[in-house]
Amino acid sequence: MIIVMSNVATEEQIESVIKRIEEKGLEANVSRGTERTVIGAIGDERSLDPELLESLPGVEQALHIVKPYKIVAREWHKEDTVIDIQGNLIGGKQIQIISGPCSVETPDQMEKSAKAVKAAGVRLMRGGAFKPRTSPYTFQGTGVEGLEMFRKAADKEGLPIVTELMDARQLDTFMKYKVDVIQIGTRSMQNFELLKEVGKVNVPVILKRGMSATISEWLMAAEYIAAGGNHNIIFCERGIRTFETYYRNVLDVTAIPVLKKETHLPVIVDPSHAGGKAWMVAALSRAAIAAGADGLLVEMHPNPCEAWCDADQAINPQELISLMAELRGIAKVIGREIL
Ligand code: PEP
Ligand code: MN
């Protein structure tokens, strides 16, 4: 960390900053210029809080020089991390599509969904049993019963399942149903206690971006999971809030190359919650894959008009088949593949 003292800082104030640095077990390197003094803190600077240092008299600015995240940073792990979900790889040459309904509704709906996922050549299935809804008066998900329906339908087609965990108290149930990928939704990205809990299990996690989260906050949220020991994290860009109201969210395509630079972990995109309309899904999916995403999370319903949740943005089974064909073409052009 670099601490820049003000041009009127006294010797006493400089000494007090040095004392703070040394108290944390770091070394202070003092450089006295003609106008001001700059102090370098050498050692693990993550233990130093720049805001605390800036509150000291005579300090003008305190700046971190290394990234505040470590395990998830590419700085410390150059190669791409490839995550294996029951033999399906995410993060390497292959691009993985994950599809299924927004929510688990009935055994029949899940059976049809699983069949449609399989028929399109998609290898992983999504579906929410516990739904984070804006209103407490709308459908909240089918809960544990939903997990049961999901597991059954997916097993029949041999598909690993991806489902959202909202409450750490449900983690044992998720283990019982052998959930293959735990999804942390946009509204939970900074639920640090939940992140710590999923950090303790050995199940891959899809960490969605908070709808108003900066990339750095998102990386720090992943670091919470990683710090607990679970390094199988997949970032999912799902659109952010802006001033625009024409669509549900703005798909931040720019975040894809930025994340690929900052982290070695896979990055996928959810075009459904970004645009919020089924007719936008194909265009946003193409953009995401072309920009370097390692996969997609797409909402598909056997009968979108009858979906209990997010009906407007679900594509139908036929559209999923066409989308897959289109994406295979793009993958080939950029030297990747969709199996
Ligand atoms: C979902 O995937 O169904 C969902 C609720 O997504 P998000 O957390 O991105 O809103
Ligand atoms: Mn949804």
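Right above here is the structure, for reference.
The paragraphs below set out a description of the structure included in this document. It should be emphasised that the depicted structure is a prediction, and the values quoted were computed from it without experimental measurement.

## Some remarks on the overall build of the protein
Okay, so step 1: Secondary structure summary: the protein contains 11 helices and 14 strands in total.
Okay, so step 2: Expressed along its principal axes, the backbone C-alpha trace of the protein runs to roughly 75 × 45 × 40 Å.
Okay, so step 3: Within the protein, buried positions represent 52% of all 339 residues.
Okay, so step 4: A sequence separation of at least 24 residues applies to 66% of the contacts in the protein between residues at least 6 apart.
Okay, so step 5: Accessible area of the protein: about 15500 Å², with a carbon and sulfur share of 53%.

## A look at the sheet that holds strand E12 (residues 233–237)
Okay, so step 1: An order of E7-E8-E9-E10-E11-E12-E13-E14 is seen for the 8 strands of this closed barrel, with the pairing classed as parallel. Adjacent strand axes in the sheet meet at a mean angle of 25 degrees when their direction is disregarded.
Okay, so step 2: Here strand E11 (residues 205–208) runs beside E12; their pairing, made up of 4 bridges, is parallel. Following the sheet pairing, Leu 207 is matched in E12 by Phe 235.

## Digging into unusual backbone geometry
Trans peptide bonds make up most of the peptide bonds, and negative phi angles are found at most residues other than glycine.
Okay, so step 1: Positive phi, normally seen in glycine, also occurs at Gln 86, with a value near 50 degrees.
Okay, so step 2: In this structure, Gln 86 sits in the loop between strand E5 (83–85) and strand E6 (88–90).
Okay, so step 3: What makes Gln 86 exposed here is its relative accessible area of 58%.

## Topic: the coordination of the manganese ion (ligand 2)
Okay, so step 1: The protein atoms that coordinate the manganese ion (ligand 2) are Cys 102 (SG), His 273 (NE2), Glu 299 (OE) and Asp 310 (OD), at distances of 2.0 to 2.4 Å.
Okay, so step 2: Here the donor residues of the manganese ion (ligand 2) are spaced in sequence according to C-x170-H-x25-E-x10-D. A residue pair is termed long-range when its members are at least 10 positions apart, and His 273 in helix H9 (residues 271–275) and Asp 310 in the loop between strand E14 (295–299) and helix H11 (317–333) qualify at 37 residues.

## Describing helix H8 (residues 255–262)
Okay, so step 1: Among all positions of H8, only Ala 255, Ile 256, Leu 259, Lys 260 and Glu 262 are buried.
Okay, so step 2: Those residues of H8 hidden inside the fold are in contact with helix H7 (215–227), E12, strand E13 (267–269) and helix H10 (278–290).

## What to know about the sheet that holds strand E1 (residues 2–5)
Okay, so step 1: Ordered by their spatial adjacency, 4 strands build an open sheet running E2-E3-E1-E4, and the pairing between neighbours is antiparallel. Because the sheet does not close on itself, it has two edges, and the strands there are strand E2 (27–32) and strand E4 (59–63). Neighbour-to-neighbour, the strand axes of the sheet open up by a mean angle of 20 degrees, direction not taken into account.
Okay, so step 2: Lying on the sheet, helix H1 (residues 11–23) is in contact with E1, E2, strand E3 (37–42) and E4; it crosses E2 at an angle near 155 degrees.

## Concerning the pattern of salt bridges
Okay, so step 1: Tallied over the entire structure, the rule returns 24 salt bridges.
Okay, so step 2: A salt bridge links Lys 208 to Asp 270; its shortest N-O distance comes to 2.6 Å. In this pair, Lys 208 sits in strand E11 while Asp 270 sits in the loop between E13 and H9, placing the two residues 62 residues apart along the sequence. Of the two residues, Lys 208 and Asp 270, both sit in the buried class.
Okay, so step 3: As a salt-bridge pair, Asp 252 and Arg 209 come within 2.8 Å of each other at their nearest N and O atoms.

## Let's talk about the side chain of Glu 262
Okay, so step 1: By secondary structure assignment, the location of Glu 262 is in helix H8.
Okay, so step 2: Owing to a relative accessible area of 12%, Glu 262 belongs among the buried residues under this scheme.
Okay, so step 3: Polar side-chain contacts of Glu 262 include one of 2.6 Å to the side chain of Tyr 69.
Okay, so step 4: Apart from the residues within four sequence positions on either side, Glu 262 is in contact with Lys 67, Tyr 69, Val 72, Ala 73, Arg 74 and Leu 219.

What counts, and where the lines are drawn
- Residue numbers run consecutively from 1 along every chain, following the written order of its sequence.
- A letter from A marks each chain and a number from 1 marks each ligand, given out in the order of writing.
- Given that the model is predicted, a residue must reach a pLDDT of at least 70 before its local features are reported, and side-chain atom pairs must reach 80 or more before they are shown or counted; all residues, however, enter totals for whole chains, interfaces and linings.
- Calculation of side-chain values draws on the structure's entire complement of heavy atoms; hydrogens and water are dropped beforehand.
- Secondary structure elements are defined from DSSP: runs of H or I of at least 4 residues count as helices, runs of E of at least 2 residues count as strands, and each element is numbered from the N terminus.
- With a 1.4 Å probe rolled over the protein chains alone, any residue whose accessible area is under 20% of its type maximum counts as buried; one over 50% counts as exposed, and the rest are partly exposed.
- Between two residues, a contact is recorded if the distance between any of their heavy atoms is within 4.5 Å.
- Areas reported here follow the Shrake-Rupley algorithm with a probe of radius 1.4 Å; residue values treat only the protein chains shown as occluding.
- Between any two strands, pairing holds if DSSP finds at least two bridges.
- Interaxial angle, 0 to 180 degrees, is taken between N-to-C directions of lines fitted to C-alpha atoms, where a helix line uses only the stretch in contact.
- In this analysis a donor is any N, O or S atom within 2.8 Å of a metal ion (3.2 Å for sodium, potassium and calcium), and since water is not included, sites may seem incomplete.
- Here, a salt bridge means any side-chain nitrogen of Lys or Arg that lies within 4 Å of a carboxyl oxygen of Asp or Glu.
- As used in this structure description, the phrase polar contact means that two N or O atoms lie within 3.5 Å; if the pair is within protein, one of them must be able to donate a hydrogen and the other to accept it, and residues adjacent in sequence are counted only when both atoms belong to side chains.

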